[in-house]
Number of protein chains: 2
Amino acid sequence: MFVVKVGGSEGIDYDAFITDLSNHNNYIIVHGGSSELNQVSTKLGHPPKFVESVSGYTSRFTDRKTMDIFNMIYAGKMNKMIVEKMQQININAIGLSGIDGRLIEGKKKKSLKVIENGKKKILRGDMSGMIEKINHSLIELLLQNGYIPVITPPAISYEGEAINVDGDRCAGQIAVSVKADQLIILSNIPGLLKDPLDESSLIKNIKIEDIDYNIQNYAKGRMKKKLLGAQEAINGGVKKVILGDARIDNSISAALNGKGTIIE
Amino acid sequence: MFVVKVGGSEGIDYDAFITDLSNHNNYIIVHGGSSELNQVSTKLGHPPKFVESVSGYTSRFTDRKTMDIFNMIYAGKMNKMIVEKMQQININAIGLSGIDGRLIEGKKKKSLKVIENGKKKILRGDMSGMIEKINHSLIELLLQNGYIPVITPPAISYEGEAINVDGDRCAGQIAVSVKADQLIILSNIPGLLKDPLDESSLIKNIKIEDIDYNIQNYAKGRMKKKLLGAQEAINGGVKKVILGDARIDNSISAALNGKGTIIE
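All figures in this text were calculated on a predicted structure; none of them were measured in a lab.

Novice: So, the overall build of chain A: which residues are in play, and what are the values?
Specialist: In terms of regular secondary structure, chain A is built from eight helices and 16 strands. Taking all 264 residues of chain A together, the buried fraction comes to 52%. Residue pairs at least 24 apart in sequence account for 74% of intrachain contacts in chain A once pairs closer than 6 positions are excluded.

Next comes the structure, spelled out in structure tokens:
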């Protein structure tokens, strides 16, 4: 059993990704939709706002209006696009957000501590949070009955509010909860690069004890969260995490065959 | 067991509708999103197009781009809004479109025969179809495990393409497939009116043998499809269909207590 996370950066070849799915079985899909959300929210007159946390992570400021558009893109357009394409090649996919059946539950952040123009600041009105619980019995119920789950943020708070959670960490938590052997995180880069501008600087293997070093020294932007997701997965019992390239044909098979950055 | 269809016309009080849900159990929700879709597709520069079929029914012309926005609104915004609000009052809702797990399967129309400016015309490129099959075992699986299904179009064709199907008829077919006793169709009117401009002209009871007469003489626009959905439900074994008002408090309870148009 493996969990594969795909998207939501630009340049991902979803058709190739889905075609490759028919070469595999016993898996769960988690997807994003970030780049699509940026485009549509801008078109709808509510452009994205990103903030930098005091600990150095960049994240989306998700007010209520952004959350509505988030649901439109992640749970609507992207999720159903993937499910439809899977159904076209006779894979019985079923799409769910973390709200559905409290699939991904977590704690809503009370406020965001961010850095703006070099100054610390407290932001309120953000609907984001930290994943604490996966309803793995729902995932298992679907798998046992022949359905392939296609899962997307948002998650849900204990109070029942939609909360934005990171898709990569979400995939990591799901992998832990269903006791997956492997987690594949596919994006629009070949893996972790020493130099983000040089794709030949790929780091092929990372030992789990060296992951903090790699986060601090090589991971930029969203890659930091991918490594954090990988770390949480391995610490939770997943044997292997592969950061692979979603722009190529047979991206899943390639990752499973060792292409990309392997974390063990 | 009853099936309740709500939306997607303007003026519906979803908060009141969802609050009323806690007074009931053993039900399935089907919802629409038409009016919201019109607004957002216009904002996104792809305004809705409606056509009149040769048999006198008005329907949306659903090209691929419209279908993407359809998924955004129905499966994304509306479905997750309802699921989230239900979760807030501790109802363990799970939202699904007809694509998911082939929940609502049907035949895609090859072409649309329409009337434009008084002339018959054949339109192609429309992604709409007729429901033929409900995956009731998926609905029952969820119900048996404590989840309340919240179901939305689109449906899926046998070839795996998303198809636009009418929400009211969809609710009717679902009611038949799960052997529901009652089907409630809530909209922004009190029921079937003899005179659409006079809410006091409500027709309180319709016998199933008189439904064709009522479709021809009193039903206008979308009300025709509601009556068609009701007819299909009763012919399929549902005992009672109620056309009720979704603009009022306790709209479900009111309908179950006989407010609206009752078809038996």
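Novice: Before we move on, can you summarise helix H4 (residues 136-144) of chain B with the specific residues and values?
Specialist: Residue and element names in this part refer to chain B. Among the residues of H4, those classed as buried are Leu138, Ile139 and Leu142. One side of H4 carries all its buried residues, which in axial view fall inside an arc of 100°. Of the residues in H4, the exposed ones pointing more than 90 degrees away from the buried face are Ser137 and Gln144. Elements in contact with the buried residues of H4: strand E2 (27-31), strand E5 (93-97) and strand E10 (148-152).

Novice: Would you mind going over the nonpolar core in detail, with residue names and values included?
Specialist: Judged by nonpolar contacts, the single largest core of 151 residues is most densely connected at Val3(A), Leu183(A), Val3(B) and Leu183(B). Look past the residues within four positions of Leu183(A) in its chain and what remains in contact with it is Phe2(A), Val3(A), Ala171(A), Gly172(A), Ala175(A), Ala233(A), Val238(A) and Val241(A).

Novice: I'd love a proper account of the interface of chain A and chain B, names of residues and values included.
Specialist: Listed as interface residues are 28 residues of chain A and, on the opposing side, 28 residues of chain B. Of all elements in the fold, only helix H3 (64-88) and strand E5 (93-97) of chain A reach the threshold of two or more residues within the side of chain A that touches chain B. It is H3(A) that contributes the most residues to the side of chain A that touches chain B, 12 residues altogether. Taken together, the residues that form the side of chain A that touches chain B break down as 11 nonpolar, 10 polar and seven charged.

Novice: Describe the sheet that holds strand E3 (residues 50-53) of chain B, with residues and values.
Specialist: All names here are of chain B. Within the open sheet, the four strands sit side by side as E4-E3-E7-E8. Their pairing is antiparallel. If you trace the sheet from one side to the other, it starts and ends with strand E4 (58-60) and strand E8 (119-123), each paired once. Shown here is a sheet whose adjacent strand axes are inclined to one another by a mean of 50°, direction ignored. Bridging between E3 and E4 involves three bridges; their strand directions are antiparallel. The residue of E4 that forms the bridge with Val51 is Ser59.

Novice: Quick one: what's the story with the sheet that holds E10(B), residue by residue and with numbers?
Specialist: Residue and element names in this part refer to chain B. Taking strand neighbours across the sheet as the criterion, the eight strands line up as E5-E10-E2-E1-E13-E15-E16-E14 in an open arrangement whose pairing is mixed. The open sheet has two edge strands, E5 and strand E14 (205-206), and neither has a second partner. Lying on the sheet, helix H5 (residues 167-177) is in contact with strand E1 (2-6), E2, E10 and strand E13 (182-187); it crosses E1 at an angle near 170°.

Novice: Mind laying out the relation of the copies chain A and chain B, listing which residues take part and the relevant values?
Specialist: Least-squares fitting of chain A to chain B yields an RMSD of 0.0 Å, with the superposition described by an axial translation of 0.0 Å and a rotation of 180°. Classification of the inter-copy transformation places it as that of a two-fold axis. Taken as a fraction of all interface residues of chain A, those also at the interface in chain B reach 100%, which identifies the copy contact as same-surface.

Novice: So, the environment of Val165(A): which residues are in play, and what are the values?
Specialist: All names here are of chain A. By the secondary structure assignment, Val165 is in the loop between strand E12 (162-163) and helix H5 (167-177). Considering only alpha carbons, one finds Val165 and Glu209, 44 residues apart in sequence, at a separation of 25 Å. Contacts of Val165, omitting those with residues within four sequence positions, involve Gly98, Ile104, Gly106, Ser128, Gly129, Ile131, Pro153, Pro154, Ala155 and Cys170.

Novice: So what's going on with the packing of helix H1 (residues 14-21) of chain B against helix H3 (residues 64-88) of chain B? Residues and values would help.
Specialist: Each packed pair of helices is defined by two parameters, the angle between the axes and the distance between the axes. All names here are of chain B. Two elements in contact, H1 and H3, have axes separated by 10 Å at closest approach and are oriented at 45°. Considering their axes alone, H1 and H3 lie oblique with respect to each other. Between H1 and H3 the crossing geometry is right-handed. The segment H1 lies against H3, with Tyr14, Asp15, Ile18 and Leu21 engaging Ile82, Lys85 and Met86.

Novice: Could you give me a rundown of the pairing of strand E2 (residues 27-31) of chain A, with the residues and numbers involved?
Specialist: All names here are of chain A. Burial within E2 is extensive, with four of its five residues counted as buried. Two strands pair when backbone bridges link them, and strand E1 (residues 2-6) and E2 are joined in this way by five bridges, in the parallel orientation. The residue of E2 that forms the bridge with Lys5 is Val30. Handedness of the crossover is the feature at issue here: the chain leaves E1, passes through helix H1 (residues 14-21), returns alongside E2, and the resulting connection is right-handed. Looking at chain direction, E2 and strand E10 (residues 148-152) are connected through two bridges and run parallel.

Cut-offs and rules
- Residues numbered from 1 in each chain as written.
- Chains lettered and ligands numbered in written order.
- Predicted model: local features only at pLDDT ≥ 70, side-chain atom pairs only at ≥ 80, totals over all residues.
- Helix = DSSP H or I, 4+ residues; strand = E, 2+ residues; numbered from the N terminus.
- Buried ≥ 20, exposed ≤ 12 C-beta atoms within 10 Å, placed from the backbone.
- Contact = placed C-beta atoms within 7 Å.
- Arc of directions from axis to C-beta.
- Core = buried A, V, L, I, M, F, W, Y, C linked by C-beta atoms within 7 Å.
- Nonpolar A, V, L, I, M, F, W, Y, C, P; charged D, E, K, R; others polar.
- Pairing = 2+ DSSP bridges.
- Axes fitted to C-alpha atoms, helices over the stretch in contact; angles between N-to-C directions.
- Least-squares fit on C-alpha atoms with pLDDT ≥ 70 in both.
- Parallel < 35°, antiparallel > 145°, perpendicular 65-115°, else oblique.
- Left-handed = near helix turned anticlockwise from the far one by under 90°.
- Right-handed = clockwise from strand over helix to strand, strands pointing away.

From the geometry alone we can't say anything about function, so treat these as descriptive.
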